[in-house]
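Overview (structure and organization)
So the chains spell out like this:
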Amino acid sequence: MRHLIIGNGPAGVVAAETLRAACPLDDIRLLGAEPEPPYSRMAIPYLLEGQIGESGTYLRKAPGHFEAQRIALQHGRATAIDTAARSVTLDDGSHLPYDRLLIACGSIPASPPIPGIHLPGVMTCWTMEDARRIAAAVKPGARVIQMGAGFIGCIIMEAIVARGASLTVVEMGERMVPRMMPPGASAMLRARTEARGVRVLTSTRITGIAATATGLRATTGSGETLDAEVIISATGVRPDIAWLAGSGIETAIGILVDHRLATNIDGVYAAGDCVESEEFGTGHRIVNAVQPDAVDQARIAAMNMAGRPAHLSGALQMNVLDTFGLVSVSFGQWQGVAGGARVEVDDPGAQRYLRLEFDGDLLVGASSVGHTEGVGVMRALIQSRIHLGPWKDRLLTDPTQLAAAYVARTQAA
Amino acid sequence: MMKSLHIEAAKCTGCLQCEMACSFENYGVFNPAKSRIKVFDFHETGLKVPYTCTQCAEAWCLKACPVDAITKDKSTGAMMVNEATCVGCKVCTIACPFGTINYVADTGKVQKCDLCEGSPACADACPTGAITYIDADSTGIDRMRTWAAKLENQTAGHAD
Ligand SMILES: Cc1cc2nc3c(=O)[nH]c(=O)nc-3n(C[C@H](O)[C@H](O)[C@H](O)COP(=O)(O)OP(=O)(O)OC[C@H]3O[C@@H](n4cnc5c(N)ncnc54)[C@H](O)[C@@H]3O)c2cc1C
Ligand code: SF4
Ligand code: SF4
């Protein structure tokens, strides 16, 4: 059996390794479009901070790891799939046959339709190449404007500041990380960010960028002008699927997959940032572009490719963010559900926030700031649908007892 | 035969010797707050439950790590955090559904139970035999593993 995996990010690598464990004799080929060994995008901020070198971002560190696993690494970009002939066309015109195909090509940064967005000095922070460009341009004293304070934007902020730049963050939404954290928690992150000397503009849009004698000038919706040497565009990403047009593989925002990570075409699977799948607990389709979900999906897809039925109960939103030392997390339906109970402890003085959302006696969502002990049980309580029974009322009084509730309902029963 | 920690909550008196031993083993101080094993004390029922990582087969922490900082020790079977490689991204702390791998702000890295290279200080310190380090087979009824399996059925099948 020939397994071909398009994309060598975390999803591609975990799928290849899962396949190898499940089918020792099969051919496994991992295709990657970027000229680097398989690496992790999410390690880029640590590279920019100087905590690690480029090799620190590599997904596997042991020399000869892929050879030892008999996973063939190939450099090249897939440009088309002929699903009838079970063949993939590469950018050099060659073709690769497959019996089972996994598409794990990830996402690409959205390019907002703003005049000047393609000027030199305006950059995204997504690939290793981007990281090198940012490292070369963002020097101590550089003025940097970052467009977007979503999850990825908030992650790279600290690295930009660590490089000695003076940073202004411009976000269209009314708060930072609007799709990850509720207002009270978001306000704490903002306060922390501003305390580190970052200027934060929310409900603000950059409407144009122009080149000046010394750099760049951005104009906001209210007509204010901001001067900078570098503008980083972090306005969101979307699945990299334009190249699949005409393949017959069903897509919407992302590649549509079922609970087995199978597409509508026999033998073709998809996993990671490029997919759109059913959300755990809601049934809505979402693109859940986070590392832990990408690898979970990759594992399930690979099991099915290996002929061992496995399914994912749905994509669970989960995020962890460190904002200048303030750690925040959110899981599941952190906004809450209609008719469900909620408890919220919002303590800006102590820089601690904790909010739990219930549906009946099930935990369905959670978010926190300043808590790092045992946050993982939020995932278990939500995803295992553990009935809290009497613990629900206890949690409504004291939500910090969450880990105790989990242990009580699972270990001490 | 691989050994694992076997926890019998009914025998636990809540003396916290395990937490002291763990923090001393890893940080050279007696400070339960730094312990990787935690005793939950349920006042309503009087039950005390020592709780730590089971080195679960699914190893969500290991699989989620973006930089290969968590590896499985071949002799003990423990998932080990390589501090030199860990970048402190905390993704493992939300991936592990047991809350047993945690971020330590002082070091900027994560910590979890590493089975003390095969002689766990907590088991040595436990005066009542509530925590023992025995052949993995005999711990087969371990409740935590049951719950791992329950979650796994919903989220995943695994290769081994
Ligand atoms: C700066 C930054 C910080 C982040 N921080 C976090 C974080 O803290 N937590 C978190 O959960 N997530 C974070 N993420 C997101 C995380 O990196 C992604 O969710 C994860 O990389 C998804 O893995 P993937 O394998 O699906 O896709 P990718 O990692 O994008 O890998 C896809 C690979 O496929 C290749 N490819 C694309 N098209 C083709 C083609 N046609 N042919 C061949 N190869 C192709 C790409 O070059 C790429 O190497 C961060 C991302 C960035 C950029
Ligand atoms: S830390 Fe969690 S995911 Fe990792 S081995 Fe232990 S229980 Fe499993
Ligand atoms: S915190 Fe460290 S061990 Fe955990 S996922 Fe990140 S790099 Fe890996």
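In what follows, the structure referred to is the one given above.
The text that follows walks through the structure, step by step, so that each part is easy to find.

So, how was this worked out
- Residues numbered from 1 in each chain as written.
- Chains lettered and ligands numbered in written order.
- Predicted model: local features only at pLDDT ≥ 70, side-chain atom pairs only at ≥ 80, totals over all residues.
- Heavy atoms only, no water.
- Helix = DSSP H or I, 4+ residues; strand = E, 2+ residues; numbered from the N terminus.
- Rg over C-alpha atoms; globule rule 2.2 N^0.38 Å.
- Buried < 20%, exposed > 50% of the residue type's maximum accessible area, 1.4 Å probe, protein only.
- Contact = heavy atoms within 4.5 Å.
- Areas by Shrake-Rupley, 256 points an atom, 1.4 Å probe, with all protein chains shown as cover.
- Lys, Arg positive; Asp, Glu negative; His and termini not counted.
- Charge placed at Lys NZ, Arg CZ, Asp CG, Glu CD.
- Pairing = 2+ DSSP bridges.
- Near = heavy atom within 4 Å.
- Nonpolar A, V, L, I, M, F, W, Y, C, P; charged D, E, K, R; others polar.
- Core = buried A, V, L, I, M, F, W, Y, C linked by side-chain atoms within 4.5 Å.
- Expected span 1.5 Å × (residues − 1).
- Buried area = accessible area lost by both parts, 1.4 Å probe.
- Salt bridge = Lys/Arg side-chain N within 4 Å of Asp/Glu carboxyl O.
- Polar contact = N/O pair within 3.5 Å; in protein donor to acceptor, adjacent residues only side chain to side chain.
- Axes fitted to C-alpha atoms, helices over the stretch in contact; angles between N-to-C directions.

Looking at the overall build of chain A
Check the secondary structure of chain A and you find 10 helices and 26 strands. A compact globule built from 413 residues should have a C-alpha radius of gyration of about 22 Å, and chain A, at 22 Å, falls within 12% of that. When burial is assessed residue by residue, chain A has 57% of its 413 residues classed as buried. Taking all contacts inside chain A whose residues are at least 6 apart in sequence as the whole, residues at least 24 apart take part in 61%. In the form shown here, chain A has an accessible surface area of approximately 15700 Å², with 52% of it arising from carbon and sulfur atoms. Here chain A contributes 36 positively and 41 negatively charged side chains, and the mean placements of these two sets differ by 1 Å.

Looking at the pairing of strand E13 (residues 206–211) of chain A
Side-chain direction in a regular strand flips from residue to residue, so the side chains alternate between the two faces of the sheet. All names here are of chain A. Bridging between E13 and strand E14 (residues 216–220) involves five bridges; their strand directions are antiparallel. Counted as the bridge partner of Ile206 is Thr220 from E14. Two successive antiparallel strands, E13 and E14, enclose a turn made up of four residues.

Regarding the site of ligand 2
The environment of ligand 2 is formed by Cys53, Gln55, Cys56, Trp60, Cys61, Met79, Cys96, Phe98, Thr100, Ile101 and Lys112 of chain B. Across the shell around ligand 2, the residue classes break down as eight nonpolar, two polar and one charged.

Quick notes on the nonpolar core
Residues Ile81 and Ile103 of chain A are the most contacted members of the largest nonpolar core, which totals 149 residues. With eight residues, the single largest contributor to this core is helix H7 (residues 291–305) of chain A. Excluding its chain neighbours within four sequence positions, the residues that come into contact with Ile103 of chain A are Ile6, Ile81, Trp243, Leu244, Ile249, Ile255, Val268, Tyr269, Ala270, Ala271 and Cys274 of chain A. In this structure, Leu5, Cys113, Ile131 and Tyr133 of chain B belong to the second largest nonpolar core, which totals 16 residues.

Let's talk about the site of ligand 3
Neighbouring residues of ligand 3: Cys65, Pro66, Val67, Ala69, Ile70, Cys86, Val87, Gly88, Cys89, Lys90, Cys92 and Val110 of chain B. Looking at side-chain class alone, the shell around ligand 3 contains 10 nonpolar, one polar and one charged residues.

Structural notes on helix H6 (residues 183–195) of chain A
Residue and element names in this part refer to chain A. The first and last C-alpha atoms of H6 sit 18 Å apart over 13 residues, in line with the 18 Å expected at 1.5 Å per residue. Listing the buried residues of H6 in full gives Gly184, Ala185, Ser186, Met188, Leu189, Arg192 and Thr193. Residue Gly197 follows H6 closely and has a positive phi angle near 85 degrees.

Examining the interface of chain B and chain A
Quite often, the size of an interface is put as the accessible area lost when its parts meet. Listed as interface residues are 43 residues of chain B and, on the opposing side, 60 residues of chain A. Carbon and sulfur atoms make up 60% of the surface buried where chain B meets chain A, a total of about 4100 Å² over both sides. Counting every contact that joins chain B to chain A gives two salt bridges. One salt bridge in this structure joins Glu44 of chain B and Arg394 of chain A, with 3.9 Å as the shortest N-O distance. The tally of links from chain B across to chain A stands at nine residue pairs in polar contact (both at pLDDT 80 or more). Residue assignment for the side of chain B that touches chain A shows that the elements contributing at least two residues are strand E3 (48–51), helix H2 (60–64), helix H3 (91–95), strand E6 (101–104) and helix H5 (143–155) of chain B. Broken down by class, the residue content of the side of chain B that touches chain A amounts to 25 nonpolar, 10 polar and eight charged.

As for the sheet that holds strand E22 (residues 318–323) of chain A
Note: strands within a sheet are paired through backbone hydrogen bonds, in either parallel or antiparallel orientation. Residue and element names in this part refer to chain A. The strand order across the open sheet formed by five strands is E22-E23-E26-E25-E24, and the pairing between neighbours is antiparallel. Of all strands in the sheet, those bounded by a partner on one side alone are E22 and strand E24 (342–347). The mean angle between the axes of side-by-side strands here comes to 10 degrees, regardless of whether they run parallel or antiparallel. In the sheet, strand E23 (residues 326–332) pairs with strand E26 (residues 362–369) via five bridges, with the strands oriented antiparallel. Of the residues in E26, the one forming a bridge with Ser330 is Ser367.

Points about the pattern of salt bridges
The final tally for this structure, using the stated rule, is 26 salt bridges over all chains. With its nearest N and O atoms 2.8 Å apart, the salt bridge here joins Lys90 of chain B to Asp322 of chain A. Here Asp322 of chain A lies in strand E22 and Lys90 of chain B lies in the loop between strand E5 (79–81) and H3, a pairing that spans two chains. Residue Lys90 of chain B is classed as buried on the basis of its relative accessible area, which comes to 3%. We note a salt bridge from Lys11 of chain B to Glu8 of chain B, for which the minimum N-O separation is 3.5 Å. Overall, Lys11 of chain B belongs to the partly exposed group, its relative accessible area being 39%. Note on Glu8 of chain B: relative accessible area 28%, which makes it partly exposed.

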